[in-house]
Structure formats: C-alpha cells, structure tokens
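Architecture and fold: a report
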Amino acid sequence: MHIGEHKIVFTGPVGAGKTAAISCLSDAPVVGTDVAATDETLDKKDLTTVAMDYGYIELEDGEFIHLYGTPGQDRFNFMWDILCQGGMGLVLLVDATSPDPAADCEFYLAAFDDFIQETGAVIGITRADIADNTKYEQVQDVIIDKGYPIPVLEIDARNEDDVKDLVYALMAVL
Amino acid sequence: MRSINLSLLGITKQDHAILSVAIKLVDVPGVELIILPDGAPPTGDVILVNADSDAGANYLKQEDTIQTKIIIAENFTLPPLGSRFIERPVRIHDMVNAFNIACERFKSSTTSNIEIGSHSSVAANKRTQAEANNNTPLLLHEFITACTKNSLIKLECKPYSPLFINGISRSVATRATLPEIHIIAKENETRLEMTALSAADEYEQASSSGVNIYPINTVIWHTALVGSTGVILPEHSNDTPVKLKSMPRFPREYMRKRPEFLKMSALLTRKSMTVNQLQQATQLDIKVVTDFYNLIFALGLSTIDETANTAELYQKKKSKNSSLLSRLAKKLSATG
C-alpha cells in the first residue's frame, strides 16, 4: 500500500468527528493513533488522534480508496501536506458547538487552500442539532466570502448515511 | 353512471378498514367505484397498491402497466405520472381525496389546458407547446412573482386544494400535501388559475382552510425535483449568463437524486455561464441544466451577470478520477 494511491483526506478541529466519519465508511476497523489527551482536548474527549487515522474502501476490482484523518491539533500541521499528497479531495468537518465554527472553517480552508484548488472539498457541520441554527449560515458566509465552490451539509459523523452523503457531495464537485 | 373498477394489491387489514369507510365518502357525481375481490388479478381501472408488500412492490416494478395507481407506502416515493401517493399512517381523508381525484379524471375528458390569470398573461403568452406538458415553470414563476413583488397569490389547481402563496412571509398555505404538489407540478391535467389577493386580511381569510403551511423554499425544492422537462422559466432565455451567489442548501433527497446539481452549483460559483454554456461544460442533458437554472433562480440564489462573455466556451477540466469516482459511488450505494 502506497500513501500516494487514491485517497480522501478528512480534516477539522479536535472532536469534530473525523475518526467517527472514517469508521462509518471504512471496510476494516480504523487504524488510529489515539492517545490519552493531556491538553485542552481533554475538555472534549479522553482520547485524541496524534498522527492520523486510516481506513479504506475496497472497490469491486480490488482497488482501494484510502481514507486519512488528520490530527486535529494544529501543532501537528506538518502532517497535513504529507497526507494530502496525491489526494482526491478534502472533507472538512466543523463542530457546530465550538465557540466559533466559522473561524474554524476559515482556518482550515486557508490551511488546505492549495489542495482544495487542485481537487475539491466538502464541509460537514457536526453536532448542528445541539447548536443554534445560525451556524450553517455563518459557515456558508465564509464560503461565499472566500469564493469557494464547496457544498456544506449538516451531518452526524456517526451516521453512515450522513457520511456517505458527504462523500457523494464531494464526488459531485470533483 | 360510469363504473370504475378498483383492484387491491397487497393491502393490509388496516388499509381494508380505512378503505371501507373511505369508499362511502367518495363524492364524484356520475361515478360509481366498484371494488374487485381481494386477490383477483389487478385488472381494475384504478389499483390500490401497498408498495411495502411483495405483491405491490413486484407490480410497481412492471413498466407496462397503464392503470391509475394509488400507492400506499411507509416512505415517500415519487408516484408514476397520473398516480397518487399516500404516506402511512393512512388517513381516511387522504384515501377519499385520492379516490375523488382518480374518479374525476376518469369522468372528465382527457386534456385541459393551463389557464393563468390576467396578471400572468405575459408569461402565459410566452409558453411553448412543450410547456403545456408540465406546470413546473409556471408554478415556479408564480413563486418568484410572489417573492419579488411581496405579493399574496391564490393559485387554483383543481381538483387539488388551492395554493395560497405569501411572498411576504415566504410561505405557502394549502391542504395539498407535498406529494400532491409534485403531481400539480408535473402534470398538465391540473388547471392553474391565479388570483392576486389584494390585502393581508383577504389572504388570511382565504388561506384559513389551509392546514399545511410550508416554507416557500421547501415547495420550490419539491416542485423543481419533479422537473420541468427542459422548459426554461417564462421571460428567461438559454443565453442569459448567471452566477450563483452561494451554494444551494441541498435537501438530502436531492443529494442522491440530483448529484449533477451539485456539480453545476460548483461550476456556477466559479464562473458566470448561460444555460447553453453550462450544458456544454457538463455534457448533461439540456433538460437537466434547465431544471437546475429554474431552481436556483426561483430560490433567489443566482444573479444575472450581463458582463459575462457568452461567446466564450468553457474548457471542461476532465477529472482524472472520473472512472474511480463512479466505482466509488457504486460501492457506496451497494452498501447503503
């Protein structure tokens, strides 16, 4: 298996649901690099991804679509470019309950700008059901402001159908 | 007295109970509804089908059946042309409405033309022969008119409940269900007659019989889902360049039924294009592109860009992964 084969990259802040989303799609249990959280992440969850998550979808002809999840903390951003090399597209997950999801969105769009311009992206807003309903519009405003042709969907990262819809949307814009 | 035979396919005991009451409430003068024995071959003029049963599902798979179907199912499915859909739990008045409409159809002559009230005469005059086969562009036109003029409109769509369109609150009040609005949009047998209501109290009084209040965007999405068979909105042209102001907020049912709409949305946020250019860029059927144009305009998401170069050809960037993407889509749908 080569890291340059067909792959979709999942990114977003800590606790946005990247590992859960990859788990929904992967044909095999996700290989993670989760460790006990010791920093501010501890407020959100006990374990956090420090290198990457990995899963895959095996197609009929034996070809693989690799699913890589970036670590959420931006101090690991040296990993991002490596993971994106040869990627097909980006799935950005944003937690609607975070203090400023629009700012999170803006940050990640800027960080992955080259990759998005080269391929395509889709944004999934998670936990929208327990956040106020202005979050979608706030994220959408960032997209319009930056001129990105990116679909935005509210999803439950634990729900297989929701995550599939996200991938369908990504495929449509690639 | 015209007799209409009703066949039953796979309906449950509870459906039978509702049917026995509903049949007594069907009120179409000059028509008698006769129920054929349960289990008999489905040879009636109208077939009441439980789509969730094996017999019903198998029957609906046949493409050569010409009878009017009244389909009962747990989840919404778009009924074939001329058929009705009733969502479970089945209510008596839903079944009565479906029978009344089916009987009216048999009773009346086959075709009636769409008639639009006086203030829509410009739009009506511009209709082509093709438009007469589908109400979608005209319905969307009325929604746009109401919203842009902040006006109140009553749209008669006999034999269905009228649609009361409120352009101020951007809502539609009606007794018609969303599946019925689909039917109004996609058929030409429904007469459309528009009346402008002059004041809010007149609107309130008129729409008081409406039991459903839908956000207008919901109705627009549902109407556009049916499709306009490639007929552009009245007063619009295939050569008008437009640009998207923002990506549409696609309802989930659109995601899988109209993935090409996402593709076109992405293209139109990058660059202004006409319907013809968009068709060229995507190589999609012109009908699909026109439906998309109508939808985004009705939702107020597009803006006309007169500065765009309409002569320029869009150079399609062929995705190197297109074969891979189609195989991925196949895999995802197979495991769905």
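In this report, we go over the structure that sits alongside the text. (Residues numbered from 1 in each chain as written. Chains lettered and ligands numbered in written order. Predicted model: local features only at pLDDT ≥ 70, side-chain atom pairs only at ≥ 80, totals over all residues. Heavy atoms only, no water.)

**Here we look at the overall build of chain B**
In terms of helices and strands, chain B carries 13 helices and 12 strands. The proportion of buried residues among the 336 residues of chain B is 50%. Long-range contacts, defined here as pairs at least 24 residues apart, represent 69% of the contacts in chain B between residues at least 6 apart. Carbon and sulfur atoms make up 51% of the accessible area of chain B, which amounts to about 15700 Å² in all. (Helix = DSSP H or I, 4+ residues; strand = E, 2+ residues; numbered from the N terminus. Buried < 20%, exposed > 50% of the residue type's maximum accessible area, 1.4 Å probe, protein only. Contact = heavy atoms within 4.5 Å. Areas by Shrake-Rupley, 256 points an atom, 1.4 Å probe, with all protein chains shown as cover.)

**Some details on the sheet that holds strand β7 (residues 121-126) of chain A**
Picture the strands of a sheet paired through backbone hydrogen bonds; they go either parallel or antiparallel. All names here are of chain A. Strand order in the open sheet made by the 6 strands is β4-β5-β1-β6-β7-β8, with mixed pairing throughout. Sheet topology places β4 (53-58) and β8 (152-155) at the edges, where each strand pairs with a single neighbour. Sheet twist, expressed as the average angle between the axes of neighbouring strands with direction ignored, equals 20 degrees. In terms of strand pairing, strand β6 (residues 89-95) meets β7 through 6 bridges, oriented parallel. (Pairing = 2+ DSSP bridges. Axes fitted to C-alpha atoms, helices over the stretch in contact; angles between N-to-C directions.)

**Focus: a nonpolar patch on the surface**
All names here are of chain B. Taken together, the side chains of V21, L25 and I92 make up a nonpolar region of the molecular surface, amounting to roughly 220 Å² of accessible area. Summarising the element assignment, V21 is placed in helix α1 (residues 13-25). Residue classification places V21 among the partly exposed positions, given a relative accessible area of 35%. (Patch = residues over 30% accessible without salt bridge, like charges linked within 9 Å, V, L, I, M, F, W, Y side chains within 5 Å. Salt bridge = Lys/Arg side-chain N within 4 Å of Asp/Glu carboxyl O.)

**Things to note about the packing of aromatic side chains**
The final tally for this structure, using the stated rule, is 10 aromatic pairs over all chains. Taken together, a centroid distance of 6.3 Å and an interplanar angle of 35 degrees make the contact between Y54 of chain A and Y56 of chain A tilted. Its relative accessible area of 21% is what places Y56 of chain A among the partly exposed residues. An aromatic cluster of at least three residues, connected via ring pairs, comprises Y54, Y56, F64 and Y68 of chain A. The ring of Y136 of chain A is capped by R249 of chain B, whose NZ or CZ atom sits 3.5 Å from the centre of that ring. (Phe/Tyr/Trp six-rings, centres within 6.5 Å; stacked < 30°, edge-to-face > 60°. Lys NZ or Arg CZ within 6 Å of the ring centre and 35° of its normal.)

**Considerations on the interface of chain B and chain A**
Counting residues at the interface gives 28 residues for chain B and 35 residues for chain A. When chain B packs against chain A, close to 2900 Å² is buried across both sides, 57% of that on carbon and sulfur atoms. Of all residues in chain B, R249, R252 and L332 of chain B bury the most surface against chain A, accounting for 22% of the area lost on that side. Remark: the boundary between chain B and chain A carries 6 salt bridges. Ionic pairing is found between R249 of chain B and E137 of chain A, a salt bridge with its closest N-O pair at 3.3 Å. Sorting elements by how many residues they give to the side of chain B that touches chain A places helix α13 (residues 322-334) of chain B first, with 9 residues. When the residues that make up the side of chain B that touches chain A are grouped by side-chain class, the tally is 11 nonpolar, 7 polar and 10 charged. (Buried area = accessible area lost by both parts, 1.4 Å probe. Nonpolar A, V, L, I, M, F, W, Y, C, P; charged D, E, K, R; others polar.)

**Description of the pattern of salt bridges**
This structure, assessed with the given rule, holds 13 salt bridges over all chains. Residue E60 of chain A is joined to K330 of chain B by a salt bridge in which the shortest nitrogen-to-oxygen separation is 3.2 Å. Pair noted here: E60 of chain A is in the loop between β4 and β5 (64-69) and K330 of chain B is in helix α13, and the two residues belong to different chains. You can call E60 of chain A exposed: its relative accessible area is 70%. One salt bridge in this structure joins D15 of chain B and R88 of chain B, with 2.8 Å as the shortest N-O distance. Of the two residues, D15 of chain B is situated in helix α1 and R88 of chain B in the loop between β5 (84-87) and α3 (92-107); the sequence distance between them amounts to 73 residues.

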